[in-house]
Protein chains: 2
Amino acid sequence: MARTREQNIEKVKSILADSLEHAKPLLKRLHPSDIARILEEISPDSRRKIVRMLPVELASEAISEMDYEANPEEILSTLSPERAAQIIEELDPDDAADLLSQLPSHELRLIMERISEEEEQIITSLMAYDEDTAGGIMTSEVLKLPAFLTKRQAIDAVVEISEEMEDFYAIYIIDDDDKLLGVVPLKRLIQAKPWIKVGELVLENLVKVHHQTDQEKVAKIMKEYNLAALPVVGDEGELLGRVTFDDVIDVFEEESTEDMLKLAGVSEDESLRGGWANAVKSRLPWLLINLCTASTAGFVISRFANTLDQMVIIASFMPIVAGVAGNGATQALAVTIRRIATDGILSRQYLSVITKELLVGFINGVLLGLVVGGIAWSLNANPMLGLVVTLAMIGNLLIAGFAGSAIPLLLQRLGVDPAVASSILMTAFTDILGYTLLLGLGTALLL
Amino acid sequence: MARTREQNIEKVKSILADSLEHAKPLLKRLHPSDIARILEEISPDSRRKIVRMLPVELASEAISEMDYEANPEEILSTLSPERAAQIIEELDPDDAADLLSQLPSHELRLIMERISEEEEQIITSLMAYDEDTAGGIMTSEVLKLPAFLTKRQAIDAVVEISEEMEDFYAIYIIDDDDKLLGVVPLKRLIQAKPWIKVGELVLENLVKVHHQTDQEKVAKIMKEYNLAALPVVGDEGELLGRVTFDDVIDVFEEESTEDMLKLAGVSEDESLRGGWANAVKSRLPWLLINLCTASTAGFVISRFANTLDQMVIIASFMPIVAGVAGNGATQALAVTIRRIATDGILSRQYLSVITKELLVGFINGVLLGLVVGGIAWSLNANPMLGLVVTLAMIGNLLIAGFAGSAIPLLLQRLGVDPAVASSILMTAFTDILGYTLLLGLGTALLL
């Protein structure tokens, strides 16, 4: 399946390179997602030509499927405001709001002037929500019905209302003030007897979120309760919209990318497909921090110049003691951050998490310390050197286990995203303390 | 919403601690996901008591919502085989197969003997699929209908068949040999005129996967096409089951966790909530590899003992040059791996990805190299030392950019999971080459 799909895309792209006109019938047969993939990869000029060539519905579906990193909003800028407005009208309001919020204000105004007042109002209200909240990722297209309708009336209403809607999985029951009373999954509606009132079909547990709920929390709730759609309400409990599973998959991917990049010392602003300037801007600050911490480590070494002078062999063990513990800390950090991100860690579990990491650090420290210490001893016929290396290794892996678990937990406790504790900060810890341990013990025991 | 929920859980847990009998009415009012959360956190003995106390349907729903890391299958072992069989019969077949495949074979046999033959057959066939494939995550409960039914007949059939089913979002149209012909979303079915044949309602683009398709690929397809459910077929195109969005959210989370842990040098077998023994076993091999690579770096240093002896100041710059480039490589690696995991990188994009990382490495190298070189110069009144440090920094960040992008791409090309290129291997590269550069240049230019 997938191979054929990629082949199709490649075929259309090669035909596109020759002649846009020839590609037209082929393009129209592709899935909007596949057209999106093509749009992502071609020049702005070809994008504009293709979008002008396609029927409005297909063009808008394809644009809505584009990765936001490929800047789909730029396509709108290249079109006439009339054409852009037609595409915006076809889009789901949440996608329209996302796209429009990326446009410069004068272009936004030109398009907004050309869409229906009703649509404009919906989009404007969606644009007001904070991007990373339930309000920011919801769509305002919901199927809402009063509780007193019978199943038969409800189905008639659904058929009428839902003509222009994207997929839906449930209907929402509201009172006169639009307050959300309950959810009826489509499955229940279909199975009900014709004369049953829809108000009687609602699920026992009403799961909903406030529009200000953080998108990460929204994603967790939908995952936990296995929901294809989650209703979003306002301050008075009034139904504002719904978040669907596809938005939530994007949230999971976004948050995982962020956590992984932060762990590696890459700012969350970096776009995976961004250019070199974006990358330099995102990474240089972290490397500068690293420069400072590494300089501190270098300074520690320079304080022990005398020791190194008298016993240069100890320098060979510096990268081992510092490096292995640095990685031990990164291991503990990754496990802790990921555990916080997926299941969460409760306050009363802090102690057991840290104890476990200390124990792991100790065991790994003893095992690796004995190996390295043994090598140090045998290579240099100096048992004391072996002892120094072994002790430094154990101590530094204990520090690694502690820092790798306690620091993210502390950050979580302080309400800071624990993922800001990157491996760069961890290795700073283990570098500085590792050199101090190794060279300090060396000074005390070897000179 | 969420706070109330956590409060509820805590309340039930504190009542549970006093008296199981008192907690019973409260438990029955909780959402199965909330009961699952409680089951995850209590002792095996309390688990058994609660599961015996709950109605079978609620118990099975709660067990199916438990995190697999909390070993829900252990609950089955503590129950009588009769009770366990009742719970298995209530579960969705895919969840039942997952649980049962974790049990020792004699317990499995005891339970299997007690469930209906039909159910046993379904579960056994599901257990035969590879865990990480579409077959392994699909459920065999599907709504399949012949194309010639009218909408009205189809709805009657749906109502009849779907009584015991979990949520569904589409019906599948099959021919006489069970071959999948098309998909009709519930929305389309509801909106259709009563006399229309369901065969005419199928979506134009039939998206399906073979049961051997890797779960990561399945997740990508469902994300790309925004599907709540994806049909799974066998060799002859026969409909075997469907994967639903909730399974796919789990896959995304699982794969992200794996990638993040691998980046940090943690084996994918490590369970986030596992004990210290599991952690030591998963991390020690990577630290041992790190020990070898760090020893190689140490060996490089020892080859330059003469240089260090004559110019001990250069030792202070070793952690800076090696450390900053190590982190630069980890940054490039994280971005590249994450990009491969989310959007994928095509062969013809390899060159541009590597070029970008080389450019980023060069710019960061020049900027940071000038800073460190300037410091080296001014602190030691030795311009040549400054030059050595600057050149080593630039060279090592170029190496970092190259290794961080080229190695995961090479692995992808070779069909190996690019995420095995951990930061441990990256820093080995930049350590060894960084020391060689710094000390080699120092020997050439300073002595």
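What counts, and at which threshold
- Residues numbered from 1 in each chain as written.
- Chains lettered and ligands numbered in written order.
- Predicted model: local features only at pLDDT ≥ 70, side-chain atom pairs only at ≥ 80, totals over all residues.
- Heavy atoms only, no water.
- Pairing = 2+ DSSP bridges.
- Helix = DSSP H or I, 4+ residues; strand = E, 2+ residues; numbered from the N terminus.
- Contact = heavy atoms within 4.5 Å.
- Axes fitted to C-alpha atoms, helices over the stretch in contact; angles between N-to-C directions.
- Phe/Tyr/Trp six-rings, centres within 6.5 Å; stacked < 30°, edge-to-face > 60°.
- Buried < 20%, exposed > 50% of the residue type's maximum accessible area, 1.4 Å probe, protein only.
- Expected span 1.5 Å × (residues − 1).
- Buried area = accessible area lost by both parts, 1.4 Å probe.
- Salt bridge = Lys/Arg side-chain N within 4 Å of Asp/Glu carboxyl O.
- Least-squares fit on C-alpha atoms with pLDDT ≥ 70 in both.
- Parallel < 35°, antiparallel > 145°, perpendicular 65-115°, else oblique.
- Left-handed = near helix turned anticlockwise from the far one by under 90°.
- Nonpolar A, V, L, I, M, F, W, Y, C, P; charged D, E, K, R; others polar.
- pLDDT = per-residue confidence, 0-100.

Asker: What is the right way to look at the sheet that holds strand S6 (residues 239-244) of chain A in this model?
Answerer: Strands pair in a sheet through their backbones, by hydrogen bonds, and they do so in one of two ways: parallel or antiparallel. All names here are of chain A. The mixed open sheet is built from 3 strands, whose spatial order is S4-S5-S6. Bordering the open sheet on either side are strand S4 (209-210) and S6, each of which pairs with just one other strand. Bridge analysis of strand S5 (residues 229-233) against S6 gives 5 bridges, and the strand direction is antiparallel. In the sheet register, Leu 230 faces S6, and the bridge partner there is Val 243. Relative to S5, helix H14 (residues 215-224) is tilted by about 135 degrees, and along the sheet it contacts S4, S5 and S6.

Asker: What exactly am I supposed to notice about the packing of aromatic side chains here?
Answerer: Two descriptors summarise a pair of aromatic rings, namely the distance from one centre to the other and the angle between the planes of the rings. All names here are of chain A. A complete count under the given rule lists 4 aromatic pairs over all chains for this structure. Where Tyr 169 meets Phe 245, the ring centres are 5.9 Å apart and the plane angle is 65 degrees; that geometry is what we call edge-to-face. Taken together, the residues Tyr 169 in the loop between helix H12 (151-161) and strand S2 (170-174) and Phe 245 in helix H15 (residues 245-263) connect sequence positions 76 residues apart. The burial state of Tyr 169 is the same as that of Phe 245; both residues are buried.

Asker: Is there a simple way to explain helix H8 (residues 93-100) of chain A in this structure?
Answerer: Since there are 3.6 residues in each turn of an α-helix, residues three or four apart along the chain are aligned in direction. Where burial is concerned, most of H8(A) is hidden: 6 out of the 8 residues are buried. Listed as buried for H8(A) are A:Pro93, A:Asp94, A:Ala96, A:Ala97, A:Leu99 and A:Leu100.

Asker: In this structure, what is going on with H15(A)? I would like to understand it.
Answerer: Taking 1.5 Å as the rise per residue, H15(A) with 19 residues should run 27 Å; its terminal C-alpha atoms sit 27 Å apart, in good agreement. Summarising burial for H15(A): 17 of the 19 residues are buried, a large majority.

Asker: Just checking my understanding: could you explain the interface of chain A and chain B for this structure?
Answerer: How big an interface is tends to be expressed through the accessible area that disappears when the partners come together. Listed by partner, the interface residues are 117 residues for chain A and 116 residues for chain B. When chain A packs against chain B, the two sides together hide about 10300 Å² of surface, and 63% of this comes from carbon and sulfur. The interface formed by chain A and chain B includes 8 salt bridges. Note that B:Arg283 and A:Glu357 form a salt bridge whose closest N and O atoms lie 2.7 Å from each other. Considering each element in turn, the side of chain A that touches chain B owes the most residues, 16 residues, to helix H18 (residues 318-342) of chain A.

Asker: Can you help me understand the pairing of strand S3 (residues 180-185) of chain B in this one?
Answerer: Residues and elements named next belong to chain B. Most of S3 is tucked away: 5 of the 6 residues are buried. Here strand S2 (residues 170-174) pairs with S3 via 5 bridges, running antiparallel. Bridging across to S3, Ile 171 finds its partner in Val 184.

Asker: Is there a simple way to think about the environment of B:Ser405 in this case?
Answerer: Residue and element names in this part refer to chain B. Relative to the helices and strands, Ser 405 is located in helix H20 (residues 383-413). Residue Ser 405 is classed as buried on the basis of its relative accessible area of 0%. With 51 residues separating them in the primary sequence, Ser 405 and Ile 354 have C-alpha atoms 5.6 Å apart.

Asker: Sorry if this is basic, but what is going on with the relation of the copies chain A and chain B here?
Answerer: Between the two copies of the chain lies a relationship made up of a rotation around an axis and a movement along it. Between chain A and chain B, the superposition needs a rotation of 180 degrees and an axial shift of 0.1 Å, giving an RMSD of 0.2 Å. Both chain copies can therefore be described as sitting about a two-fold axis. An overlap of 99% is found between the interface residues of chain A and their copies at the interface of chain B, pointing to a shared contact surface.

Asker: I would appreciate a short explanation of unusual backbone geometry in the present structure.
Answerer: Negative phi characterises most residues that are not glycine, and trans characterises most peptide bonds. Its identity as a non-glycine residue notwithstanding, A:Asp178 has a phi of 70 degrees, on the positive side. Residue position: A:Asp178 is located in the loop between S2 and strand S3 (180-185). With a relative accessible area of 25%, A:Asp178 lands in the partly exposed category. Unusually for a residue other than glycine, B:Ala381 sits at a positive phi of about 50 degrees. Checked against the element boundaries, B:Ala381 lands in the loop between helix H19 (350-380) and H20. Assessed through its relative accessible area of 68%, B:Ala381 is described here as exposed.

Asker: Would you mind showing me how to read the pattern of salt bridges here?
Answerer: Should the charged atoms of two oppositely charged side chains come close, the side chains can pair. A full pass over the atoms with the stated rule returns 25 salt bridges over all chains. The closest approach of N and O atoms between A:Lys262 and A:Asp417, which form a salt bridge, is 2.4 Å. Taken together, the positions of A:Lys262 in helix H15 and A:Asp417 in the loop between helix H20 (383-413) and helix H21 (423-446) put the pair 155 residues apart, joining distant regions of the chain. The salt bridge involving B:Glu82 is made with B:Arg114; its shortest N-O contact spans 2.7 Å. Of this pair, B:Glu82 sits in helix H7 (residues 81-90) while B:Arg114 is found in the loop between helix H9 (105-112) and helix H10 (117-127), placing the two residues 32 residues apart along the sequence.

Asker: Where do I start with the packing of helix H14 (residues 215-224) of chain B against helix H15 (residues 245-263) of chain B in this structure?
Answerer: The description of two packed helices rests on the angle between their axes and on the distance between the axes. Residue and element names in this part refer to chain B. The geometry of H14 relative to H15 is characterised by a closest axis approach of 9 Å and an angle of 120 degrees between their N-to-C directions. Considering their axes alone, H14 and H15 lie oblique with respect to each other. Handedness of the H14/H15 crossing: left-handed. Residues Gln 215, Glu 216, Val 218, Ala 219, Lys 220, Met 222 and Lys 223 of H14 form the contact with H15, whose own contacting residues are Phe 245, Val 248, Val 251, Phe 252, Glu 254 and Glu 255. Residues of the contact of H14 with H15, tallied by class, amount to 7 nonpolar, 1 polar and 5 charged.

Asker: What's the story with the pairing of strand S6 (residues 239-244) of chain B in this structure? I'm lost.
Answerer: A regular strand places its side chains so that they alternate between the two faces of the sheet. Taking burial as the measure, the 6 residues of S6(B) include 5 buried ones, the bulk of the element. Linking strand S5 (residues 229-233) of chain B back to S6(B) in an antiparallel pair, the connection comprises 5 residues, with B:Gly237 at a positive phi of about 80 degrees.

Asker: Can you help me understand the confidence of the model for chain A in this one?
Answerer: Atom-level detail of predicted coordinates should not be read off regions where pLDDT is low. Summarising the model, chain A shows a mean pLDDT of 87, and 99% of its residues fall at 70 or more. Of all the helices and strands in chain A, helix H1 (residues 2-18) of chain A carries the lowest mean pLDDT, 69, while S4(A) carries the highest, 96.

Asker: Even after reading the chapter, I still don't get the side chain of A:Ser256, so can you show me in this structure?
Answerer: Note on placement: A:Ser256 falls in helix H15. For A:Ser256, a relative accessible area of 7% corresponds to the buried category. Excluding its chain neighbours within four sequence positions, the residues that come into contact with A:Ser256 are A:Arg338, B:Ser256 and B:Arg338.

Asker: Honestly, the environment of B:Arg114 in this entry has me stumped. Any pointers?
Answerer: All names here are of chain B. A residue is classified by how much of its surface remains accessible, and Arg 114, at 34% relative accessible area, is partly exposed. The spatial distance from the C-alpha of Arg 114 to the C-alpha of Glu 89 is 9.6 Å, given a sequence separation of 25 residues. When neighbours within four sequence positions are excluded, Arg 114 is seen to be in contact with Pro 81, Glu 82, Ala 85 and Glu 89.

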